[in-house]
Every structure is written in structure tokens, then in C-alpha cells.
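Listed below are the residues making up each chain.
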Amino acid sequence: MSAPLARLHQQLPQLVLRTDDDSRQHYGLDWTRYYQPAPLAVALPATVAEVQGIVRWAREHRVALVPSGGRTGLSGGAVAASGELVVSFERMNRIGDFDRVARTVQCEAGVVTAALQQYASGKGLYYPVDFASSGSSQLGGNIATNAGGIKVIRYGMTREWVAGLSVVTGTGELLELNRGLAKNNTGYDFRHLFIGSEGTLGFVVGACMKLTLPPPPQAVLLLALPALADVMRVFEVFREGVSLSAYEFFSDQALGHVLARGQLAAPFEVRAPFYVLLELDDPMHSGDDSALKLFERCLEQGWVLDGVLSQSAQQAQQLWAYRESISESITPYTPYKNDIAVTISRVPAFIASLDALLAANYPDFEVIWYGHIGDGNLHINVLKPPALALAAFRDACEQVNEQVFALVRDFGGSMSAEHGVGLLKRDYLPVSRSAQEIEMMQGIKKVFDPDGIMNPGKLLP
Ligand code: MLT
Ligand code: ZN
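Computed from a predicted structure; not experimentally measured.

Asker: Outline the site of ligand 1, supporting the account with residue identities and numerical values.
Answerer: The environment of ligand 1 is made up of Leu74, Ala132, Ile326, Ser327 and His379. Residue composition of the shell around ligand 1, by class: three nonpolar, two polar and no charged.

Below, the structure is given as C-alpha cells:
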């Protein structure tokens, strides 16, 4: 054990510390597959006081700290590749003080998203932020990255659900931000500064999360479409007529990878170039046949080739599986991921330009389209040919990125809609934020983290 680590052990004898290779490999990496983990060690605090002790020790010894939740991030925000101390929140996973009147519940940072969803359901309530990685991702990470997911169109991002935030700053101070209040106009709201800050200002150690009433039973409508342009035509029709809780899309190549795993049968007899998945209030339950009428209208216009409406909650889940398994089914190809967004009204023009750009620049690579298109958010995944080395592949993708991001900039879009910036997209931050804004961000970081020990190298160029 190095001298600084021995000192940490001496200062916090109860703190669980792991220095073995397996733990360092495991906790030093998230779902981004571009980096080699090389942390100094892993700390697993059980209390806020231990977290504060770790930060004070890190200041004294100038050791960089990397927060670690479920490590399901896709931009390298939780990667520890340069001798940092990883601070895992998995032992801080208690769900406490439930307030039925305020509809809030106090959670520690290591609470797994699905555990909060189940807790809410046990109270007859609902926590709506949801994504394929809900079974592993943790609240602290969701808050630090302002996670989005599949129901943003109705419920917004994680930010909307944080009524109070407990953070330990880079100076070791504990701040209790907003304390669950619905109204609190007393100046700068630091809570929102910490949400989405990717651990660069301090550690999220707990949060007061809002819950809501469960929606009526939901149904899933999966549609097969002849062209990319129809994705938004169909969206406009449905958005006028029904209340959507999800509007997702994916290409036939994406479906091909899902089906190749052999766990799901093809959803339609014939394949189509694109598919959209809509989630809406179940027409069978509400007796409202608007959705079926809209479907017929799209069919008549030739914007839809075929469709299937779930007849049970189980079938709805099966239809969701086509969309939610895409990410996992392409993981073996070490995809280069872009997660871009434009305002919804600009999506049709944007996807037409992007389609032309990708077709011209990626003739040799397989490009997989999917995403939360109802939020204007596209996931563009380029698959690595097995014979090509990772570094050469990344270089090739980054060359095309220059043009993709020029397009994003022209459309006033975002170069990272929901995956965050982390290490992978750090150097592209100027695509979406001005030089003045970045300078101000650096100034804000200095206020909360004067020694630059909180997740250094992430987010800010
Ligand atoms: C998704 O929408 O499936 C997730 O953001 C993961 C991914 O993009 O791979
Ligand atoms: Zn996504």
C-alpha cells in the first residue's frame, strides 16, 4: 500500500479500500470501451462523513477522485485511467424518509434506479425516469449526468425529479441544496449546477427525489416505415392526436442485430427500412380509438407499412425489447457512439442532411441509427470492422465527426444530448458551448473544486 493510501486507512480505519487488480479493473471502467483502467485504488464509503474524509485526504495528498455509480455511462465520465482513487457509492444505497404529502423520498447516491422505481410502486406512486440500464445505473450517476432515457417526452430528464440534493464539494464541505422545497426563490440554485456536472464540482451523496402518480395503463404501438422522412411525419400526426409517453425509432440494421441474438422473432412478416415505437395510454383501457384512427391515416398516406399494437402489458414489454436491446446487441462491435440532438421542428431537415453526410463518408462502415427521436435525440453508432484496430477506427470516426458536428452546430444542436461529455466528447465541448461559457464553467469549477481533484480531465477541455 502506498504512503498516501496508508494514511487514508489510518485516518478512516472503517473505510473499505480495495487495491487488488480485479477491483481496480472493474471499478476503473464504465461502458465506454476506449480506455484502459488504471486507478490507484477503490474506496467504498458507507457514510457522508467518510466521503468528506476522503475528499480532505485527497486535497492534502493531491490525489484525483473519480465518482463511481453503476458505471453504465457511455462517454467515459466514470473512467479512472491515471492513478485516481475511485469512490464507489454502492454501499450508500439506502432509501429513507418518505413524505406522502410532498410525494418525495430521500435516497442515498448508490440507490439503483430500478430500486427507486420499485419503491415508488410499492407506495402506489411512480418514478418515471427510465432506460435500458435502470437495473444497474445508480441515482448519483443519473443526477451527475442528468440522465434522460425513454420517457423524456412526457416526464423530462432526471433534473425535473430532484427536489433536494446533498453534495460534498471538492473542499470537503457538505451542502444541502433546496431541501425538498417546491418553492425557494433565494438566489442561485446550486442544485441545478451540480446536476449534469459529471462529478467535476463534487460528489452527489444523496437526493430528495420527487415521485408522481402512476400513468393509466400504457400500450405500445410498433410501426414499420418505408423511409426515414416518414419517422417525423408519423410523429406529427400522433402528437396532435394522443398523449405520448415515448416515441423511439430504429433502423432495420439495428433490428437485424437484435434478431441475430436469437432471442426475439421478427415483429413483422416483411422487413422495413425503419421502425418507430410509440407508447401511449392504452386504447383498450380508455376506450379511446384515436390512436387506431391515426394509424389508419398514416397507412393511407403510405407513411406506414404495417403495425402492431400490444394487447397486454407482457406484449408491450416484448415490443419494447426490440428497441431496448439494440445497444447491447451492437456492443460486441465496439461502436463509436454519437448522441446528438436538435430541436424537434428541425429534425426532418437535420436527418436528411445527416443521412447524406454519413452515406458519403462512411461507405465502408456499418452505421446504426436509433434514438429518442420524439425528443430530437439521435444515437448514431458506427460499428468497428473486426479487422480494424481500435485506434485507427476511432481516428476514422473522429474525422467524420468534424463534419457531423459542423452540421450539429449549423442546426443549433447539441453534440451530447443525454450521454454526457466525459472523456470521450470533452474536446468537442466547443461545438455546443461558446468559449465564454467554457471559461465561466472553468471559473465555477474553481469555486467548488479549487485543487482540481474532482474527476479531472472530464467534461472541460
Ligand atoms: C439507448 O438509448 O439505448 C441508450 O442511450 C444507450 C445507447 O445509446 O447505446
Ligand atoms: Zn438513449
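Read on, since the account is not over.
Asker: Tell me what's going on with the domain arrangement of the chain, and back it up with residues and numbers.
Answerer: According to the domain assignment, the chain consists of domain 1 (3-90), domain 2 (95-210), domain 3 (218-327) and domain 4 (335-433). Distance between the C-alpha centres of domain 1 and domain 2: 22 Å. Domain 1 puts 15 residues into the contact, and the matching count from domain 2 is 19 residues. Tallied by class, residues from the side of domain 1 that touches domain 2 come to six nonpolar, six polar and three charged.

Asker: Quick one: what's the story with the UniProt feature "domain: FAD-binding PCMH-type" (unreviewed entry) in the chain, residue by residue and with numbers?
Answerer: In the numbering adopted here, UniProt assigns the feature "domain: FAD-binding PCMH-type" (unreviewed entry) to residues 35-214. The distance separating the terminal C-alpha atoms of residues 35-214 is 40 Å; by composition the span is 22% helix and 24% strand.

Asker: Tell me about the environment of Leu17, and name the residues and values.
Answerer: For Leu17, the location among the structural elements is in strand β1 (residues 16-18). Put simply, Leu17 and Val86 are 69 residues apart on the chain and 9.8 Å apart in space, counted from C-alpha to C-alpha.

Asker: Give a detailed account of the pairing of strand β2 (residues 41-44), specifying residues and quantitative values.
Answerer: Along a regular strand, successive side chains alternate from one face of the sheet to the other. Burial of β2 is two-sided: the residues Ala41 and Ala43 facing one way and the residues Val42 and Leu44 facing the other way are all buried. As defined by bridge partners, β1 adjoins β2 across three bridges and the pair is classed as antiparallel. Note on β2: the bridge partner recorded for Arg18 is Val42. Note: β2 against strand β4 (residues 85-88), three bridges, orientation parallel. Across the sheet, the residue bridging to Ala43 is Val87, located in β4.

Asker: For the sheet that holds strand β10 (residues 218-225), give the residues involved together with the corresponding values.
Answerer: One open sheet holds the seven strands; their spatial order is β13-β10-β12-β11-β15-β16-β14, and the pairing between them is antiparallel. Both edges of this open sheet fall to β13 (306-309) and β14 (336-341), since each of them pairs with a single strand only. Averaged over neighbouring strand pairs, the angle between their axes works out to 15 degrees when direction is ignored. With seven bridges joining them, strand β11 (residues 244-251) and strand β12 (residues 274-281) adopt antiparallel strand pairing. Paired with Ala246 across the bridge in β12 is Glu279.

Asker: Describe the pairing of strand β8 (residues 174-177), with residues and values.
Answerer: Across four bridges, the pairing between strand β7 (residues 162-169) and β8 is antiparallel. Paired with Ser166 across the bridge in β8 is Glu176. Between β7 and β8, which pair antiparallel in sequence order, lie four residues; one of them, Gly172, sits at a positive phi of approximately 90 degrees.

What counts, and where the lines are drawn
Residues numbered from 1 in each chain as written. Chains lettered and ligands numbered in written order. Predicted model: local features only at pLDDT ≥ 70, side-chain atom pairs only at ≥ 80, totals over all residues. Near = placed C-beta within 6 Å. Nonpolar A, V, L, I, M, F, W, Y, C, P; charged D, E, K, R; others polar. Domains from an automatic or database assignment. Contact = placed C-beta atoms within 7 Å. UniProt positions renumbered as here; feature names shortened; annotations may be inferred. Helix = DSSP H or I, 4+ residues; strand = E, 2+ residues; numbered from the N terminus. Buried ≥ 20, exposed ≤ 12 C-beta atoms within 10 Å, placed from the backbone. Pairing = 2+ DSSP bridges. Axes fitted to C-alpha atoms, helices over the stretch in contact; angles between N-to-C directions.

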